[in-house]
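Spelled out from the first residue to the last, the chains are:
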Amino acid sequence: MATTYIKTSNGIPLSPNYYAVWYDLNGERQSRSTGTTKKREAAKLANKWEFESHEAERAILKDKQETAELMLEECRKLLTKKQKDRTHHAFIKLITRLYEIENGVELKLPTLREYLCEWMTHQKNKVYESTYKSYQQSINSLEGCSSEILDKKLIELVKGDLKEMQKALVKEADKKGTTRKTINYKMEVITGALREAYGDGLLANNITFKFGKLPEEDSKIKVPFTQEEIEKIIQHAPTSWKGLILFGAYTGTRITNCATLRWEDIDRENRLILIEPVKQKRTLKPNQRKCIPFYLRDCLWNYLNFIGFKDEGYIFPDIQGLHRDTRSKKFVKLMERAGVPKSITLHNRKDEHGNPRIGWRSFHSLRHSFNSFLANSGVSQETRKKYTGHSTDAANKVYTHEDVEAIREDLEALPDIDWAKAAM
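Note that the structure is a prediction, hence the values are computed from the model and not measured. (Residues numbered from 1 in each chain as written. Predicted model: local features only at pLDDT ≥ 70, side-chain atom pairs only at ≥ 80, totals over all residues. Heavy atoms only, no water.)

### Here's the deal with helix α14 (residues 324-338)
The first and last C-alpha atoms of α14 sit 21 Å apart over 15 residues, in line with the 21 Å expected at 1.5 Å per residue. Residues of α14 that are buried: R327, F331, V332, L334, M335 and A338. Seen end-on, α14 carries its buried residues on one side only, within an arc spanning 155°. Away from the buried face of α14 by more than 90 degrees, exposed residues K329, K333, E336 and R337 are located. In this structure, the buried residues of α14 make contact with α8 (227-235), α9 (239-251), α10 (255-259), α13 (317-320) and α15 (365-376). The first or second residue beyond α14 is G339, which carries a positive phi of 75°. (Helix = DSSP H or I, 4+ residues; strand = E, 2+ residues; numbered from the N terminus. Expected span 1.5 Å × (residues − 1). Buried < 20%, exposed > 50% of the residue type's maximum accessible area, 1.4 Å probe, protein only. Arc of directions from axis to C-beta. Contact = heavy atoms within 4.5 Å.)

Structure follows, in structure tokens:
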């Protein structure tokens, strides 16, 4: 029962007011000033405070007991399930439920969609814009076929979710004609993000470990044009495109490289043009990049003379200003106009069912044509690698007279493409 007293020091009262004293349910002494000098009023306050204190403590104990019972019940539910149902997801769900019971609020855990959104924000300043866009396209492609998995809590994900995602992409690809290689790239983007999540402690297990790729037998086989096909396309092309195609066939460089060639890149004295492969910008640091010199054989030199040499600027300004996708589409239109098929049946190459594979052509096929021309002219594989930019020993900007002669000798052996058959 509560009591009251006057606080003193060496027999001298420290305050005229009474203090209330009581013990809580744990047996700990509690003391508080009543703020009154009247003993009866102080006693009433002391009893009131003791009662309120005990009631509050009983309510807390009751809540804790109810919480403990709820937690035990949730645990019993899981433990009484069959072994196969005691999944990773079930245990994560239990932990989040226990947190909610204990704290009265939902445990905030990011979903896969939320995490990927945040991950993409960080990637924006870490990768090239083209790479960032390809990442974004890969993630967006999951919206239509794997939205349920994207809505799952990140911590709840298991390897089976990745497999389901892959299956959904395959199903979608079968409708659109997308290759397995493209699906593998999309899954690499997702698994790369999840590996970072695991490294940051947001995933309990590395669910990407030994996640298998799809076989890529269905991937498009890029095949070269014949000399006759190149001439047919050139005949149906406007002046600037004639030159672009010639440079593609005689340098093997990609359409972006050809479209951004500049007059300043030409060494007129030695009849060479210096080209820095566009792919180097994505894979090498500036101090590691190298230019490859190509000899301007007669047909290229005559074409440049025809359009008129200039001191500076783009050689093909009207094509340089186009979006890269537009350039590719325009080239396909030229193929159609020339009657050169985009795809051909490869009877000497079979798929896993024994059916002939399909070969595809685009501007990139000029690169394969260039490599084929070199091989058919007896140029060694090592030298071919140098010109196609597949070797880190690509020619530097500095070259000797002997280098020039070697380059001329290599490329003079290529067949002559008649670019002037049609009127300009």
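There is more to say after this.
### Topic: the sheet that holds strand β2 (residues 12-23)
Pairing within the open sheet is antiparallel, and its three strands lie in the order β1-β2-β3. Among the strands making up the open sheet, the edge pair consists of β1 (3-9) and β3 (29-33). On average, adjacent strands in this sheet sit at an angle of 40° to one another, irrespective of strand direction. Judged from the six bridges that link them, β1 and β2 form a sheet pairing that is antiparallel. Within β2, the residue paired with S9 across the bridge is I12. (Pairing = 2+ DSSP bridges. Axes fitted to C-alpha atoms, helices over the stretch in contact; angles between N-to-C directions.)

### A few points about the pattern of salt bridges
Applying the stated criterion across every chain yields a total of 13 salt bridges. Between E264 and R262 there is a salt bridge; the shortest N-O distance is 3.2 Å. Each of R113, E143 and D151 takes part in one network of salt bridges that share partners. (Salt bridge = Lys/Arg side-chain N within 4 Å of Asp/Glu carboxyl O.)

### Considering the packing of aromatic side chains
Geometrically, a pair of aromatic rings is defined through the distance of the ring centres and the angle of the planes. This structure, assessed with the given rule, holds ten aromatic pairs. Judged by centre distance (5.0 Å) and plane angle (50°), the rings of W301 and F309 are tilted. W301 sits in the buried class, given a relative accessible area of 16%. With a relative accessible area of 22%, F309 lands in the partly exposed category. Aromatic ring contacts, followed pair by pair, group F225, F331 and F363 into a single cluster. (Phe/Tyr/Trp six-rings, centres within 6.5 Å; stacked < 30°, edge-to-face > 60°.)

### As for the sheet that holds strand β9 (residues 356-360)
The strand order β4-β9-β8 describes an open sheet built from three strands, whose pairing is mixed. The open sheet terminates on both sides in strands that have one partner only, identified here as β4 (221-222) and β8 (343-350). Note: β8 against β9, five bridges, orientation antiparallel. From the neighbouring strand, K350 faces β9, where its bridge partner is P356.

### Observations regarding the pairing of β3
Two strands pair when backbone bridges link them, and β2 and β3 are joined in this way by five bridges, in the antiparallel orientation. Note on β3: the bridge partner recorded for Y19 is S33. Linkage of β2 to β3, two consecutive antiparallel strands, is achieved through a turn of five residues, within which G27 is found at a positive phi near 85°.

### Notes on the side chain of T208
By secondary structure assignment, the location of T208 is in the loop between α7 (180-199) and β4. Engagement of the side chain of T208 in a polar contact is seen with the side chain of N206, the distance being 2.6 Å. T208 has contacts with L162, T191, L194 and R195, leaving out every residue within four places of it along the chain. (Polar contact = N/O pair within 3.5 Å; in protein donor to acceptor, adjacent residues only side chain to side chain.)

### With respect to the nonpolar core
Core analysis: the largest hydrophobic core is formed by 49 residues, its most contacted members being I230, I233, L244, I245, F247, I273 and F331. For this core, the secondary structure elements donating two or more residues are α8, α9, α10, β6 (272-275), β7 (292-295), α12 (298-307), α14 and α15. Here this core takes seven residues from α9, the largest share from any one element. If we skip the residues at most four places from it in the chain, F247 touches G252, T253, C258, L261, I273, L296, L300, L304 and F316. By size, the runner-up hydrophobic cluster in this structure holds 29 residues, among which are L112, Y135, I149 and F211. (Core = buried A, V, L, I, M, F, W, Y, C linked by side-chain atoms within 4.5 Å.)

### Some thoughts on the environment of K163
Here K163 is to be found in helix α6 (residues 159-176). Accessibility expressed as a relative area gives 45% for K163, which makes it partly exposed. Expressed as a C-alpha distance, the spacing of K163 and G212, which sit 49 residues apart in the sequence, is 9.0 Å.

### Here we look at the packing of α9 against α12
Packing of α9 against α12 brings their axes to within 10 Å, and their N-to-C directions diverge by 155°. In terms of their interaxial angle, α9 and α12 are classed as roughly antiparallel. You can see that α9 and α12 cross each other, and the crossing is left-handed. Contact residues: α9 offers T239, S240, K242, G243, L246, F247 and Y250, while α12 offers C299, L300, Y303, L304, F306 and I307. Across the contact of α9 with α12, the residue classes break down as nine nonpolar, three polar and one charged. (Parallel < 35°, antiparallel > 145°, perpendicular 65-115°, else oblique. Left-handed = near helix turned anticlockwise from the far one by under 90°. Nonpolar A, V, L, I, M, F, W, Y, C, P; charged D, E, K, R; others polar.)

### Notes on helix α3 (residues 112-123)
Under the 1.5 Å per step criterion, the end-to-end length of α3 is 16 Å for twelve residues, consistent within 8% with the ideal 16 Å. Buried residues of α3: L112, Y115, L116, W119, M120 and Q123, and no others. Along α3, the residues classed as buried sweep out an arc of 135° about the axis, all on the same side. The outward face of α3, more than 90 degrees from its buried face, is lined by the exposed residues C117 and T121. Where α3 is buried, its residues meet α4 (129-140), α5 (147-150), α6 and α7.

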